[in-house]
Amino acid sequence: MADDISADVIIVGSGISGAIMAAKLAAEGIKVAILEAGKSVDRQDAVETYWNALIKVPECPYPPVPQAMHPISNDLDFWYDQTGPDKFASTYIKVVGGTTWHWLGTCLRLVPNDFRLKSLYGQGVDWPISYDDLEPFYGQAEDEIGVAGDSAADLGSPRTTPYPMPEIPQTYLDKAYFKALEGTIYDVRSTPQGRNSETREDRPPCCGNASCIPICPIQAKYDGTVHVERAVAAGATLHEATTAVFVEVGADRKVSAIRFKRWDGSEGRATGKVFVLAAHAIEIPRLLLNSTSEATPNGAANSSDQVGRNLMDHPTQLSWALAKDALYPYRGPLSTSGIENLRDGDFRKDRGAFRIEIGNDGWSWPTGAPITTAQDLATQGMRGEALDNALYFQTARHIRLASLVEQPPDPENRVTLDTESPDIYGVGRPKIAYRIDDYTKAGFKASVEAHDAIFQKLGATEVKHSPEAQGAGHIIGTARMGADGKTAVVDADLRSHDHPNLFVLGSAVFPTSATANPTLTIAAMAIRAVDAVKATLTG
């Protein structure tokens, strides 16, 4: 068929993991085809869409369309079929380059003990790899992304290589936290970030547009199109507006093809020697679970019944207050410092760990400030100079903290298919069962106590804590890695236990959530999997 696609390696998804894999393979002359459900983003058009949006959520520059549906933060029932008891609050988008378009850019490594949660603390499961196994690939991932960081501070994760760029300068606000908390248990450090602190590879340094989420107007912040472009330049083919809908499995247990449907109504089969799923942790289980056949009655790669299970996030405790002194938020990247030394300890036997993100974005996340601040003051009757002075006084003192709390795997937290309400391609919408457990809630309680102590050191007033967990934007689990094919979807090389020529990339394979923002680990594990994919091609 003219609509069919053929390559040595078929990659589903053009986000950071799929794009890095494609670029690495294509650079060695391997024929690669990338299937991407969404289309390319015109950066300036997206910026203007964001500017004009009445509701400024992470997805607003990338509105969903029927051919490429995705969730939106301000209506969590829009795409997800939420069955509770809690709402799953993290989202993703379908565009060329993936969800890195609206990520914050935080590039933390996991700490060594994150890989041994079960054996050390009796919680969750252990990973089938260690920190030492992944450490060299962390360094490579930092170079591929272009991470700006303080090489003298390992943040609990020992390093053998320096960051490729010096850290993004800490803000005046960061330094005020550092000074107020000096000598306490709260160690304020510069956050390593996937954004340029200097010109690198034809991309400019960060100039502080303060809209990292949802879009960097100048591409100082890394996004997956960097590696998509490298892959295409090396010979890979990118098939936009092409949605994978079914994984075909042959009698030899190998994947034989992936069926796809395009926006224009055409459809076909993508055939190759090796198949790589890199479509994020909601879309990967949707595709696998939809692929039921005589050979795969429970869906592809699902003899373990683990596909879609163990869905995790970093449920986030959001707190905000009014600082005693003017600290001048609302400038620079949305966060440039954090408190990382609370991410491990014996307390993990009893409660989730957390990292604390220090916000430069004032009260914009919790309240919609500073616009809502002006509305509130005007409602109080203020006008003219009095309004200006009050607005200046308030906004200069807005501070916020966000603690990203560890959530353990729970097989009942899962993604299944809502077959009664399918998308236009006939694939069921994601049905999500999700509950925040007591271990995570205990982490929340500890984080509120930490926020109170920190705000007290800053002399802050009007302290508020969100009663609801926020989504961190980190969709974790649903196709976990493990040594035993009875309890895991992929092995330590990210190869399916069921199908020897199928690999799964991304945070879907994480056995546990830890506390670090997952993108750097996603990239490191994708790079680590390149050799296994190459060996499968020649094996």
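Residues numbered from 1 in each chain as written. Predicted model: local features only at pLDDT ≥ 70, side-chain atom pairs only at ≥ 80, totals over all residues. Heavy atoms only, no water.

Draft legend 1. Inspection of the pattern of salt bridges at higher detail. Under the defined criterion, the tally for this structure stands at 30 salt bridges. Salt-bridge contacts for R189 lead to D187; the nearest nitrogen and oxygen are separated by 3.2 Å. Taken together, the shared-partner salt bridges connect K24, D143, E144, R200, E201 and R230 into one network. (Salt bridge = Lys/Arg side-chain N within 4 Å of Asp/Glu carboxyl O.)

Draft legend 2. Representation of the environment of T296. Among the secondary structure elements, T296 is positioned in the loop between α7 (280-290) and β11 (316-322). Expressed as a C-alpha distance, the spacing of T296 and G250, which sit 46 residues apart in the sequence, is 9.8 Å. Here the side chain of T296 touches S291 through a polar contact of 2.8 Å, landing on its backbone oxygen. (Helix = DSSP H or I, 4+ residues; strand = E, 2+ residues; numbered from the N terminus. Polar contact = N/O pair within 3.5 Å; in protein donor to acceptor, adjacent residues only side chain to side chain.)

Draft legend 3. Molecular detail of the packing of aromatic side chains. Within the structure shown, the criterion is met by eight aromatic pairs. With a centroid separation of 5.0 Å and 85° between ring planes, the pair formed by F88 and Y434 is classed as edge-to-face. One end of the pair, F88, is in the loop between β4 (81-85) and α3 (117-121); the other, Y434, is in strand β16 (residues 428-434), and 346 residues separate them in sequence. Relative accessible area serves as the criterion here: at 2%, Y434 is assigned to the buried category. Ring centres of F115 and W127 lie 4.9 Å apart, and the angle between their planes is 65°; this geometry places the pair in the edge-to-face category. Linking F115 in the loop between β4 and α3 with W127 in the loop between α3 and α4 (131-145), this pair joins segments that are twelve residues apart in sequence. With relative accessibility at 1%, the residue F115 sits in the buried group. (Phe/Tyr/Trp six-rings, centres within 6.5 Å; stacked < 30°, edge-to-face > 60°. Buried < 20%, exposed > 50% of the residue type's maximum accessible area, 1.4 Å probe, protein only.)

Draft legend 4. View of the nonpolar core. V9, V32, L277, L288 and M525 are the most contacted members of the largest nonpolar core, which totals 100 residues. Of all the elements, helix α12 (residues 519-538) adds the most residues to this core, at twelve residues. Beyond its immediate stretch of four places on either side in the chain, L288 contacts V247, L277, G299, A300, A301, V307 and L502. If you look at the next biggest cluster of nonpolar residues, it comprises 23 residues, including A323, I358, V405 and A450. (Core = buried A, V, L, I, M, F, W, Y, C linked by side-chain atoms within 4.5 Å. Contact = heavy atoms within 4.5 Å.)

Draft legend 5. Summary view of the layout of surface pockets. Here the second largest pocket defines a volume of roughly 230 Å³. In this structure, the second largest pocket is lined by 16 residues; those nearest its centre are S40, V41, Y62, P63 and V95. Along the lines of polarity and charge, the residues of the lining of the second largest pocket split into ten nonpolar, three polar and three charged. (1 Å grid on protein atoms, 1.4 Å probe; cavity = no way out; pocket = protein on both sides within 12 Å on 5 of 7 lines; lining within 4 Å. Points joined across faces, edges and corners; volume = space filled by probe spheres on them. Nonpolar A, V, L, I, M, F, W, Y, C, P; charged D, E, K, R; others polar.)

Draft legend 6. Representation of empty space enclosed by the protein within the structure. Summed over all chains, the structure comprises three cavities of 30 Å³ or more. Looking at the largest cavity, its volume works out to about 80 Å³. Taken together, 15 residues make up the lining of the largest cavity; nearest its centre are R195, C206, N209, C212 and C216. When grouped by side-chain class, the residues that make up the lining of the largest cavity number ten nonpolar, three polar and two charged. A volume near 50 Å³ is recorded for the second largest cavity. Lining the second largest cavity we find C107, L108, R109, D154, L155, S157, R159, Y163, P192 and R343. Of the residues in the lining of the second largest cavity, the class split is five nonpolar, one polar and four charged.

Draft legend 7. Spatial organisation of the packing of helix α1 (residues 16-26) against α12. Direction vectors running N to C along α1 and α12 enclose 35°, while the axes themselves pass 9 Å from each other. The crossing of α1 and α12 is right-handed. Residue-level inspection shows I16, S17, I20, M21, K24 and L25 of α1 in contact with α12, the latter providing T519, I522, A523, A526, I527, A529, V530, V533 and K534. Of the residues belonging to the contact of α1 with α12, the class tally is eleven nonpolar, two polar and two charged. (Axes fitted to C-alpha atoms, helices over the stretch in contact; angles between N-to-C directions. Left-handed = near helix turned anticlockwise from the far one by under 90°.)

Draft legend 8. Layout of the sheet that holds strand β17 (residues 461-465). Strand order in the open sheet made by the six strands is β5-β12-β13-β14-β11-β17, with antiparallel pairing throughout. Unpaired on one side and paired on the other, β5 (188-190) and β17 mark the two borders of the sheet. Strand-to-strand twist of the sheet, defined as the mean angle between neighbouring strand axes without regard to direction, takes the value 25°. Here strand β12 (residues 337-339) pairs with strand β13 (residues 354-358) via three bridges, running antiparallel. Across the sheet, S337 pairs through a bridge with I358, a residue of β13. Strands β11, β12, β13, β14 (398-405) and β17 of the sheet are contacted by helix α11 (residues 438-457), whose axis makes an angle of about 155° with β14. (Pairing = 2+ DSSP bridges.)

Draft legend 9. Seen up close, the sheet that holds strand β6 (residues 237-239). Ordered in space as β6-β3-β2-β10-β18, the five strands form an open sheet in which the pairing is parallel. Strand pairing shows two members of the sheet lacking a second neighbour, β6 and β18 (502-504), which therefore form its edges. Taken over all neighbouring pairs, the strand axes of this sheet differ in orientation by 20° on average, direction set aside. Sheet topology places strand β10 (residues 274-277) next to β18; three bridges connect them, and they run parallel. Residue pairing in the sheet places F275 in a bridge with L502 of β18. Against the sheet, α12 contacts β2 (9-12), β10 and β18, and its axis sits at roughly 155° relative to β10.

Draft legend 10. A look at the environment of T487. When you line up the elements, T487 lands in the loop between β17 and β18. Residue contacts for T487: discarding those within four places in its chain leaves S304, Q306 and R480.

Draft legend 11. The arrangement of the packing of α1 against helix α6 (residues 225-233) in detail. Taken N-terminus to C-terminus, the directions of α1 and α6 make an angle of 25°; their axes are 8 Å apart at the nearest point. When the axis of α1 is compared with that of α6, the two are roughly parallel. For the crossing formed where α1 meets α6, the hand is left-handed. From α1, A19, I20, A22, A23 and A26 reach across to α6, where they touch H227, V228, R230 and A231. Of the residues contributing to the contact of α1 with α6, the split by class is seven nonpolar, one polar and one charged. (Parallel < 35°, antiparallel > 145°, perpendicular 65-115°, else oblique.)

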